[in-house]
Amino acid sequence: MSNFFMDEITPSSPFMTYIASQIRQYKIDLKTAKHVLRYDVFPILWSAALFAPLDGFYPREWLLQCIDERRQRSQFWQRLTAPYETLVWNCTLWHFQPLWDKVLVKLDVLAALEEKEEEEELAK
């Protein structure tokens, strides 16, 4: 989902299919995926994209390390930063919601294709 933070990402981007295929491949339920985007990935990458953009490429290990460190923060820091993160999320939702909606559409398409392939396999 770090692809959501690339400069040139749009709902028509091929990355939407990639994100959907990764969610499907790892069998991540949609509630969990959206929670990870909102509470794990977004707080790290919105500021990184704003202040130190990496041309849309965020190394997986770096991102996972940042998420782990963030989850281990004290409750004091979590409560201190939560209102600001919520404010920024709500202010940028106009950008992220269409992207997420497109991922949901791509997930439906992938599910239909997989179902069709299974039916064809059974027909053989």
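Since the model is a prediction, treat every value here as computed from it, not as a measurement. (Residues numbered from 1 in each chain as written. Predicted model: local features only at pLDDT ≥ 70, side-chain atom pairs only at ≥ 80, totals over all residues. Heavy atoms only, no water.)

## Quick look at a nonpolar patch on the surface
Okay, step 1: Together, F76, W77 and L80 make up a nonpolar patch on the protein surface, roughly 340 Å² of accessible area in all.
Okay, step 2: Looking at where F76 falls in the secondary structure, it is placed in helix 4 (residues 75–123).
Okay, step 3: A relative accessible area of 55% places F76 in the exposed class. (Patch = residues over 30% accessible without salt bridge, like charges linked within 9 Å, V, L, I, M, F, W, Y side chains within 5 Å. Areas by Shrake-Rupley, 256 points an atom, 1.4 Å probe, with all protein chains shown as cover. Salt bridge = Lys/Arg side-chain N within 4 Å of Asp/Glu carboxyl O. Helix = DSSP H or I, 4+ residues; strand = E, 2+ residues; numbered from the N terminus. Buried < 20%, exposed > 50% of the residue type's maximum accessible area, 1.4 Å probe, protein only.)

## Topic: the pattern of salt bridges
Okay, step 1: Here the structure, examined in full by the defined rule, presents three salt bridges.
Okay, step 2: Residue E114 is joined to R24 by a salt bridge in which the shortest nitrogen-to-oxygen separation is 3.2 Å. Highlighted residues: E114 in helix 4 and R24 in helix 1 (residues 15–25), separated in sequence by 90 residues.
Okay, step 3: Classification of R24 as partly exposed rests on a relative accessible area of 31%.
Okay, step 4: Here E85 makes a salt bridge to R70, at a shortest N to O gap of 2.8 Å. With E85 in helix 4 and R70 in helix 3 (residues 60–71), the pair connects residues that are 15 residues apart, well separated along the chain.

## Here's the deal with unusual backbone geometry
Okay, step 1: If you check the backbone angles, K27 has positive phi at about 55 degrees while not being a glycine.
Okay, step 2: Take K27: it is sitting in the loop between helix 1 and helix 2 (30–51).
Okay, step 3: With relative accessibility at 72%, the residue K27 sits in the exposed group.

## Regarding the nonpolar core
Okay, step 1: Formed by 26 residues in total, the largest nonpolar core has its most connected members in F4, F5, L45 and V103.
Okay, step 2: Listed by contribution, the elements that provide at least two residues to this core are helix 1, helix 2, helix 3 and helix 4.
Okay, step 3: Residue contacts for V103: discarding those within four places in its chain leaves F4, M16, I19, A20 and I23. (Core = buried A, V, L, I, M, F, W, Y, C linked by side-chain atoms within 4.5 Å. Contact = heavy atoms within 4.5 Å.)

## Some remarks on the layout of surface pockets
Okay, step 1: Space inside the largest pocket adds up to approximately 680 Å³.
Okay, step 2: Taken together, 21 residues line the largest pocket, and the ones lying closest to its centre are M1, S2, Q22, R60 and L63.
Okay, step 3: At the level of elements, helix 1, helix 2 and helix 3 are the ones that each hand at least two residues to the lining of the largest pocket.
Okay, step 4: For the lining of the largest pocket, the element with the highest residue contribution is helix 3, accounting for six residues.
Okay, step 5: Grouping the amino acids of the lining of the largest pocket by side-chain chemistry returns 14 nonpolar, three polar and four charged. (1 Å grid on protein atoms, 1.4 Å probe; cavity = no way out; pocket = protein on both sides within 12 Å on 5 of 7 lines; lining within 4 Å. Points joined across faces, edges and corners; volume = space filled by probe spheres on them. Nonpolar A, V, L, I, M, F, W, Y, C, P; charged D, E, K, R; others polar.)

## With respect to the packing of helix 1 against helix 4
Okay, step 1: At their nearest, the axes of helix 1 and helix 4 sit 8 Å apart, and the two run at 60 degrees to each other. One way to sum up the angle between helix 1 and helix 4 is to call them oblique. Read as a crossing pair, helix 1 and helix 4 show a hand that is right-handed. For the pair helix 1 and helix 4, contact is made by M16, T17, I19, A20, S21, I23 and R24 and by L99, W100, K102, V103, K106, L107, L110, A111 and E114, respectively.
Okay, step 2: Across the contact of helix 1 with helix 4, the residue classes break down as ten nonpolar, two polar and four charged. (Axes fitted to C-alpha atoms, helices over the stretch in contact; angles between N-to-C directions. Parallel < 35°, antiparallel > 145°, perpendicular 65-115°, else oblique. Left-handed = near helix turned anticlockwise from the far one by under 90°.)

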